[in-house]
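Next come the chains, spelled out residue by residue.
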Amino acid sequence: MTRIQIPRGTQDIMPGTVELWQYVEARARDLSRRYNYQEIRTPLFESTELFQRGVGETTDIVEKEMYSVSNPRSDDALTLRPEGTAGVVRAYVEHKLYGQPNQPVKVYYLGPMFRHERPQAGRYRQFVQFGVEAIGSSDPAIDAEVIALAMRFYQEMGLTGLSVELNSVGTLEDRARHREHLLAHLNGVRSELCADCQSRIDRNPLRVLDCKNEKCRTLTKDAPSILDYLSDESAAHFEAVKGYLSALNIPYTVNPRLVRGLDYYTLTAFEIKMAEIGAVETLCGGGRYNGLVAELGGEDMPGIGFALSIERLLLALAKQGVQLPVSGGIDCFVAIQTPDAKQEAFILVDELRRAGVSADLDYLDRKMKAQFKQADRLGAAYTAIIGEAELANGTVVLKEMATGEQQEVKRDQVAAVLAERLAARA
Ligand code: HAM
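Treat the numbers as computed from the prediction; the structure is a model and nothing was measured.

1. Overview of the side chain of R200
Among the structural elements, R200 can be located in helix α7 (residues 195-203). Overall, the relative accessible area of 12% leaves R200 in the buried class. Filtering out sequence-adjacent residues up to four positions away, R200 remains in contact with D60, P205, R207 and V208.

2. Section: the sheet that holds strand β13 (residues 359-361)
As a general point, the strands of a sheet are linked pairwise by backbone hydrogen bonds and lie either parallel or antiparallel. With mixed pairing, five strands are arranged side by side in an open sheet as β13-β12-β14-β15-β16. The open sheet is flanked by β13 and β16 (406-410), the only strands paired with a single partner. On average, adjacent strands in this sheet sit at an angle of 25° to one another, irrespective of strand direction. Pairing of strand β14 (residues 382-386) with strand β15 (residues 395-400), which is carried by four bridges, proceeds in the antiparallel orientation. When the bridges of β15 are listed, Y382 appears paired with E400. Docked against the sheet, helix α12 (residues 342-354) engages β12 (332-336), β13, β14 and β15, running at close to 165° with respect to β13.

3. Some points on the pattern of salt bridges
The final tally for this structure, using the stated rule, is 30 salt bridges. A salt bridge links R200 to D60; the shortest N-O distance between them is 3.7 Å. Of this pair, R200 sits in helix α7 while D60 sits in helix α3 (residues 60-65), and the two are 140 residues apart along the sequence. We note a salt bridge from E351 to R411, for which the minimum N-O separation is 3.0 Å. Of the two residues, E351 sits in helix α12 while R411 sits in the loop between β16 and α15 (414-425), which places them 60 residues apart along the sequence. When its relative accessible area of 13% is taken as the criterion, R411 is described as buried.

4. Side note on the sheet that holds strand β11 (residues 303-309)
The strand order across the open sheet formed by eight strands is β1-β5-β6-β11-β10-β9-β7-β8, and the pairing between neighbours is mixed. The sheet is open, and its two borders are formed by β1 (38-39) and β8 (252-254), each paired with just one other strand. Pairing of strand β7 (residues 162-168) with strand β9 (residues 266-274) involves seven bridges; the strand directions are antiparallel. Note that in β9 the partner of S163 across the bridge is K273.

5. A closer look at the pairing of strand β5 (residues 105-114)
A large share of β5 lies buried, amounting to nine of its 10 residues. Pairing analysis gives two bridges linking β1 to β5, with the strands arranged parallel. Counterpart to Q38 in the pairing with β5 is V107. Where β5 lies against strand β6 (residues 126-135), 10 bridges are found, and the strand directions are antiparallel. Paired with Y109 across the strands is G131, a residue of β6.

6. Some thoughts on the environment of Q52
With respect to the secondary-structure elements, Q52 resides in helix α2 (residues 48-54). C-alpha of Q52 to C-alpha of S138: the two residues are 86 residues apart in sequence and 25 Å apart in space. With residues up to four places along the chain from it excluded, the contact list for Q52 reads E57 and V62.

7. Brief notes about the packing of aromatic side chains
Counting across every chain of the model gives seven aromatic pairs. An angle of 75° between the planes, with centres 6.2 Å apart, marks the rings of Y108 and F130 as edge-to-face. Of this pair, Y108 sits in strand β5 while F130 sits in strand β6, and the two are 22 residues apart along the sequence. The burial state of Y108 is the same as that of F130; both residues are buried. Look at F153 and Y154: their rings are 6.0 Å apart centre to centre, the planes differ by 50°, and that puts the pair in the tilted class. Linked through ring pairs, Y108, F130, F153, Y154 and F306 together constitute an aromatic cluster. Sitting over the face of the ring of F372, K399 holds its NZ or CZ atom 4.8 Å from the ring centroid.

8. Considerations on the site of the ligand
Taken together, 28 residues lie near the ligand, and E83, E117, R260, Y265 and L283 sit nearest. One of the side-chain nitrogen or oxygen atoms of R260 is found 2.7 Å away from an oxygen atom of the ligand. One of the backbone nitrogen or oxygen atoms of L283 is found 2.7 Å away from an oxygen atom of the ligand. Residue assignment for the shell around the ligand shows that the elements contributing at least two residues are β6, β10 (282-288) and β11. Ranked by residue count, the leading element in the shell around the ligand is β10, at six residues.

Conventions adopted
Residues numbered from 1 in each chain as written. Predicted model: local features only at pLDDT ≥ 70, side-chain atom pairs only at ≥ 80, totals over all residues. Heavy atoms only, no water. Helix = DSSP H or I, 4+ residues; strand = E, 2+ residues; numbered from the N terminus. Buried < 20%, exposed > 50% of the residue type's maximum accessible area, 1.4 Å probe, protein only. Contact = heavy atoms within 4.5 Å. Pairing = 2+ DSSP bridges. Axes fitted to C-alpha atoms, helices over the stretch in contact; angles between N-to-C directions. Salt bridge = Lys/Arg side-chain N within 4 Å of Asp/Glu carboxyl O. Phe/Tyr/Trp six-rings, centres within 6.5 Å; stacked < 30°, edge-to-face > 60°. Lys NZ or Arg CZ within 6 Å of the ring centre and 35° of its normal. Near = heavy atom within 4 Å. Polar contact = N/O pair within 3.5 Å; in protein donor to acceptor, adjacent residues only side chain to side chain.

In structure tokens form, the structure reads like this:
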């Protein structure tokens, strides 16, 4: 039979690596709790129209990257979520969260997203995003809170050398004023731009400024900047966000060309970058989406959020050589010196587990030497040995693996002694 392989752009997260994931996910949850963001879990698939309307018809995500799913018995058009914001806003509208007294609504999510992209380092077809959304406040302080939350997350993980790139993409009115001048410039160089940019000029001209192609960048170097077309109110919002970031000592650079790849952004847009992580250097992206709640059928409520992928975080940590404090080892391996001790060992393991001690024993009839090897492989902190003598006098020999020190302990006290020693080590 031929082997069936994993789909391109996806990965198995195997024991030995999954501990890193569990660690960062636990830290993300803890950080969210400290910032008072509560978890929200929305479906992995939503109606396709949600993303068409929410993310935008002319975005790469909607045009090229969605995995649409169907079932022959139903004509629902459904799509695996390519991002989390649209689903969160749909749930916010559906559950009428704009009407609850506790405002703004602050939620986080941690889960897989799906995009049909060309797989490469840091770019997968299924990836896990940690994201937050704060809906219901226009206060620039909350823009800074959201950016700070992402930066503190990376800092707490031990990453260094990160920078926030910040821009304001204005309101729809600001953009309409800018558009006319931008189009005049872009039409002047239209024939020299790359094919992607040429097709973007009419549909979403701001995106042309974000093209990575060197020639396009040179041709648009002097294109009018959106920052020069902000209304007084939009400009004041941008200044206030910068002020709050400075107050928290969060370094940022203003990048007037930063335009995110999703259509819902208004005013604040930002990305967090690291000097170099393979082909992809953006670790995190986010911004304000003041029209999105209304676009999806809710009251006109402002919102802001970000998302980052755990894949890119782990890649960045590996690049910087940061070791996360994860230990995969068990607390105690119970070694069986004589077949007669098997049942007693089996009972002891159960007792230890109930006392909160992680424990295991041999299931392959290994000799003592091989059992010790197994204890080492499992990273056991202690090995408890039960032989003829111990069975006879109701004891167990407890060996601390790091020091080799051995001690005879009364059988009925093993769990308590181990729990105490392990607590002292923690
Ligand atoms: P996004 O820029 O499309 O924004 O994605 C955010 C982050 O998800 C990226 O910075 C990157 O870390 C990660 N990411 C995206 N695509 C991939 C991929 N193919 N493989 C691995 N990681 C990836 C959004 O998704 C918005 N929903 C963010 C947001 C929330 N804006 C407001 N609220």
